[in-house]
Amino acid sequence: EEEFKWLLQEEVHSVLKQLQDILKEASHRFALPASSSGGSIKQENFVLSTSGTDQVKGMLMLQGDALCQADINLKMPRNNQLLHFAFREDKQWKLQQIQDARNHVSQAIYLLMNRDVNYQFKTGSEVLKLMDAVMLQLSRARNRLTTPATLTLPEIASSGLTKMFTPALPPDILVNFYINLNKLCLTVYQLHVLQPSTTKNFKPAGGSILHNLGAMFEFGNQRYEVSHVHKVECVVPWLNDALVFFTVSLQLCQQLKDKISVFSSYWNYRPY
């Protein structure tokens, strides 16, 4: 009983402090502006590349959760024509995955700070409930980075991203940016228009993270087929750090839950 009291009064707070420290480090990686500092978020430049192809090359500038510049060269396979397009100067593209992951980290920190060192935990189940709530936020934060959204081709075609570029993207080019683990990815789809005579076998593609060659869709009263798919990416080191912090935090939460559960099961089954 004394040991369990010590666990609730001392060790739980020690773990909560550890978790807060780790998650504050994670939030710094996401460049969460501290309310006191209010400093501007630094801009980082990345080169997009992939092994085995030079069809697409690009430079990106990332500032926190926003792509503030993108400069892309695309070599057209049919005629080796080189297309160049870049973000308009007045445009930025918000990466919703980073924004959401950051919000979940903030929520986890808020839950932990709500139980300061003076707070007295009365029962094991109270600690388990808090750990479950924190783990839920951390799992959601991690999932936002590891699981990009599935989009249909018409959704990509109608996305605001298509209106970001100068010169404007030609109608037979689609682009999509997303985060996958610690990488920032760009997919470029080249399309060809399906003639009415070839549309008898038309099967529109469903939602996907990455659409395959031959995928078909209808947009603006026109039917298209994907003729080329190019995917290029760059590693964002601080996303890797954040994923490590999430894993370590989830392990700490689980270890505390396991300890509490051991005591609770002893409590329930001890001889009277």
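Residues numbered from 1 in each chain as written. Predicted model: local features only at pLDDT ≥ 70, side-chain atom pairs only at ≥ 80, totals over all residues. Heavy atoms only, no water.

To keep it simple, the criterion reads: UniProt positions are given in the numbering used here, feature names are shortened, and annotations may be inferred rather than shown by experiment.
Per an unreviewed UniProt entry, the protein chain carries the name Protein rogdi homolog and comes from Cuculus canorus. The heading Subcellular location (unreviewed entry) in the UniProt record of the protein chain holds the text "Cytoplasmic vesicle, Secretory vesicle, Synaptic vesicle". Recorded in UniProt for the protein chain, the comment headed Sequence similarities (unreviewed entry) runs: "Belongs to the rogdi family."

## A look at the sheet that holds strand S10 (residues 222-235)
Through backbone hydrogen bonds, the strands of a sheet pair up, either in parallel or in antiparallel fashion. Our working definition: For two strands to count as paired, DSSP must find a minimum of two bridges between them. Helix and strand definitions here come from DSSP, where helices need a minimum of 4 consecutive H or I residues and strands a minimum of 2 consecutive E residues; each element is numbered from the N-terminal end. Working convention: axes come from line fits to C-alpha atoms, limited for helices to the stretch in contact. Angles between N-to-C directions cover 0 to 180 degrees.
Pairing is antiparallel across the open sheet formed by four strands, whose spatial order is S7-S8-S10-S9. The two strands at the open ends of the sheet, each matched to only one other strand, are strand S7 (173-180) and strand S9 (216-219). Neighbour-to-neighbour, the strand axes of the sheet open up by a mean angle of 40°, direction not taken into account. With eleven bridges joining them, strand S8 (residues 183-193) and S10 adopt antiparallel strand pairing. Bridged to Leu191 within S10 is Val226.

## As for the packing of aromatic side chains
Let me state the cut-off plainly: Any pair of Phe, Tyr and Trp rings, taking the six-membered ring for Trp, is counted once the centres come within 6.5 Å. Such a pair is stacked with planes under 30 degrees apart, edge-to-face with planes over 60 apart, and tilted for the rest. Per-residue accessibility, obtained with a 1.4 Å probe over protein chains only, is compared with the maximum for each type, and a residue is labelled buried under 20%, exposed over 50%, and partly exposed between these values. When the NZ atom of lysine or the CZ atom of arginine is within 6 Å of a ring's centre and also within 35 degrees of its normal, the charge is said to sit over that ring.
Overall, the coordinates contain seven aromatic pairs when judged by the stated rule. For the ring pair Phe30 and Phe246, a centre distance of 6.3 Å and an interplane angle of 15° mean the geometry is stacked. Separated by 216 residues along the polypeptide, Phe30 in the loop between helix H1 (2-29) and strand S1 (44-48) and Phe246 in helix H5 (residues 237-269) bring together distant segments of the chain. Look at Phe30 and you get buried, because its relative accessible area is 1%. Their ring planes at 80° and their centres at 6.3 Å tell us that Phe87 and Phe177 sit as a pair that is edge-to-face. Remark: Phe177 occurs in strand S7 and Phe87 occurs in strand S4 (residues 82-87); sequence separation between them is 90 residues. Judged by relative accessible area, which is 7%, Phe87 ranks as buried. Chaining the aromatic ring pairs together yields one cluster made of Phe85, Phe87, Phe165 and Phe177. Against the face of Tyr119 rests Arg115, its NZ or CZ located 4.8 Å from the ring centre.

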